[in-house]
Amino acid sequence: MTIPTILPALDAHYEVAIVGGGQAGLSMSYYLKQAGIGHIVFEKYVQTHAWRTQRWDAFSLVTPNWQCQLPGHPYAGDDPHGFMRREQIVDYLDGFIAKVNAPVREGVEVREVAPLASGGFALRTSIGETTAGQVVVASGCYQEPIVPRLAERLPAGIVQLHSADYRNPHSLPEGAVLVVGSGQSGAQIAEDLHLAGRRVHLATGDAPRCARFYRGRDVVDWLADMGYYDKAVSEHPLREGVRDNTNHYVTGRDGGRDIDLRAFALQGMRLHGTLTDLDGTRLGFAPNLKANLDQADQVYNRINASIDSWIAAQGISAPPGAAYVAPWEPDPAQADMLDLRAEGIAAVIWCIGFAPDFKWVNAPVFNGRGHPVHARGISSQPGLYFLGLPWLHTWGSGRFSGVARDAEYLAEHITDLAGAPALRYA
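Residues numbered from 1 in each chain as written. Predicted model: local features only at pLDDT ≥ 70, side-chain atom pairs only at ≥ 80, totals over all residues. Heavy atoms only, no water.

Draft legend 1. Local environment of the domain arrangement of the chain. By domain assignment, the chain separates into domain 1 (13-143 + 356-419) and domain 2 (146-350). Distance between the C-alpha centres of domain 1 and domain 2: 29 Å. Taken together, the contacts link 25 residues of domain 1 with 34 residues of domain 2. Together, the buried faces of domain 1 and domain 2 total about 2500 Å²; carbon and sulfur atoms form 54% of this surface. On the domain 1 side of the interface with domain 2, the three residues burying the most area are Trp-56, Trp-391 and Trp-395, jointly 32% of the side's total. Counting every contact that joins domain 1 to domain 2 gives 1 salt bridge. (Domains from an automatic or database assignment. Contact = heavy atoms within 4.5 Å. Buried area = accessible area lost by both parts, 1.4 Å probe. Salt bridge = Lys/Arg side-chain N within 4 Å of Asp/Glu carboxyl O.)

Take a look at the structure:
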């Protein structure tokens with residue numbers, strides 16, 4: 001897929017403009033086409049760009065293939081309980097792109113969206129200006145890789161990468177590697193390096209973890225039966241606060257398994273608390289390694305206990321379960337410092353996430369941290385919507401499993417609004 005070198009001019013007006021050509025924007029296009037609503041999809045790069053360029057070589061889904069339920073394009077392979085690898089995911093998405101056949105303008109960056117006093121929106125793009133009756137922001141919230149200012153003071157000879165740019169262990173210089181962050185990306189990249197025989201240091205955070213398989217089934221299968229993926233954010237004990245939660249670390253690699261940092265420590269990986277400071281060549285970490293590991297294991301056991309309760313309540317016959325028991329504990333007397341030079345650290349991989357970048361959306365619909373305020377994707381600005389965000393409506397909203405439901409809901413709202421006289425533009 002290539003970006004055309006000469007782009008045709010924009011129309012003066014579109015009924016609906018969708019910003020973002022990933023699975024969310026294409027899902028919205030799918031339903032708008034069904035409803036007969038004219039629209040345009042703007043994509044800065046190429047469709048499903050992030051899946052093609054921001055995943056490492058050994059990347060695989062952490063949810064089973066059967067959860068891939070993009071609209072009109074459910075998983076149709078022969079391994080529904082397996083986990084697609086990166087190249088298989090791209091093939092799956094290419095099939096979706098072909099089915100939707102969306103009216104996409106690739107290579108076009110939307111630089112500003114602003115409400116018009118008369119209704120609708122003005123859009124300023126990299127190839128000109130246009131207007132739209134309604135706008136769907138489907139660009140996600142993982143736009144700006146987070147790298148702390150501390151990185152500026154690391155010795156010049158150390159290679160630094162964000163998780164979005166990591167590809168494989170062989171692409172890094174020889175020597176030890178420090179991975180900062182133990183969420184899904186950090187834990188999986190640390191494992192990737194560890195399996196390749198690299199000396200790995202992992203600076204942990206407060207990410208929770210879960211089992212891959214428990215009592216004879218994938219934990220995702222149990223949680224789906226229990227209705228977890230259908231629970232609305234309004235029904236969650238944390239309400240909108242759940243949107244700030246870090247995803248549980250687990251892996252679908254090699255058929256799927258737990259990621260157990262304590263087991264890695266027994267095998268030689270050096271675990272640290274949360275990275276806090278740098279003094280010359282010496283990194284300092286918070287004295288919270290034990291707390292981070294304990295908290296992750298508590299979540300692990302709590303999820304399994306909820307499955308135990310479900311099995312008992314439903315009278316299901318299943319293999320017995322057991323609580324996780326820690327096989328390793330950090331030494332509380334050991335100072336948590338790391339001399340980069342003495343340990344031969346050749347590379348640092350920052351796995352501490354992304355920040356949203358909605359500065360180009362010039363509308364008063366954001367909270368103090370730059371996140372959109374919405375109700376199931378509908379903002380307080382009439383005609384402005386968000387799609388594809390984590391916990392937009394349910395746990396599956398930011399995934400292949402739930403984005404179709406969210407897109408269909410917004411498409412119905414858009415269709416109703418498009419029929420109102422005030423939104424019929426010349």
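Structure shown, so let's carry the discussion forward.
Draft legend 2. Local environment of the packing of helix H1 (residues 23-35) against helix H8 (residues 403-418). Packing of H1 against H8 brings their axes to within 9 Å, and their N-to-C directions diverge by 45°. One element, H1, and the other, H8, form an angle in the oblique class. Along this stretch, H1 crosses H8, giving a crossing that reads as right-handed. Each of Ala-24, Ser-27, Met-28, Tyr-31, Leu-32 and Ala-35 in H1 lies in contact with H8, whose residues at this interface are Val-403, Ala-404, Ala-407, Glu-408, Leu-410, Ala-411, Ile-414 and Thr-415. (Axes fitted to C-alpha atoms, helices over the stretch in contact; angles between N-to-C directions. Helix = DSSP H or I, 4+ residues; strand = E, 2+ residues; numbered from the N terminus. Parallel < 35°, antiparallel > 145°, perpendicular 65-115°, else oblique. Left-handed = near helix turned anticlockwise from the far one by under 90°.)

Draft legend 3. Molecular detail of the packing of aromatic side chains. One pass over the structure, following the stated rule, counts 11 aromatic pairs. With a centroid separation of 6.4 Å and 90° between ring planes, the pair formed by Tyr-14 and Phe-42 is classed as edge-to-face. Of this pair, Tyr-14 sits in strand E1 (residues 13-19) while Phe-42 sits in strand E2 (residues 39-43); the two residues are 28 residues apart in sequence, bridging distant segments of the chain. Exposure remark for Phe-42: the relative accessible area of 1% places this residue in the buried category. Through a chain of ring-to-ring contacts, the aromatic side chains of Trp-51, Trp-56, Phe-59, Tyr-92 and Phe-400 assemble into a single cluster. Arg-55 extends its terminal NZ or CZ atom over the ring of Phe-59, reaching a point 5.4 Å from the ring centre. (Phe/Tyr/Trp six-rings, centres within 6.5 Å; stacked < 30°, edge-to-face > 60°. Buried < 20%, exposed > 50% of the residue type's maximum accessible area, 1.4 Å probe, protein only. Lys NZ or Arg CZ within 6 Å of the ring centre and 35° of its normal.)

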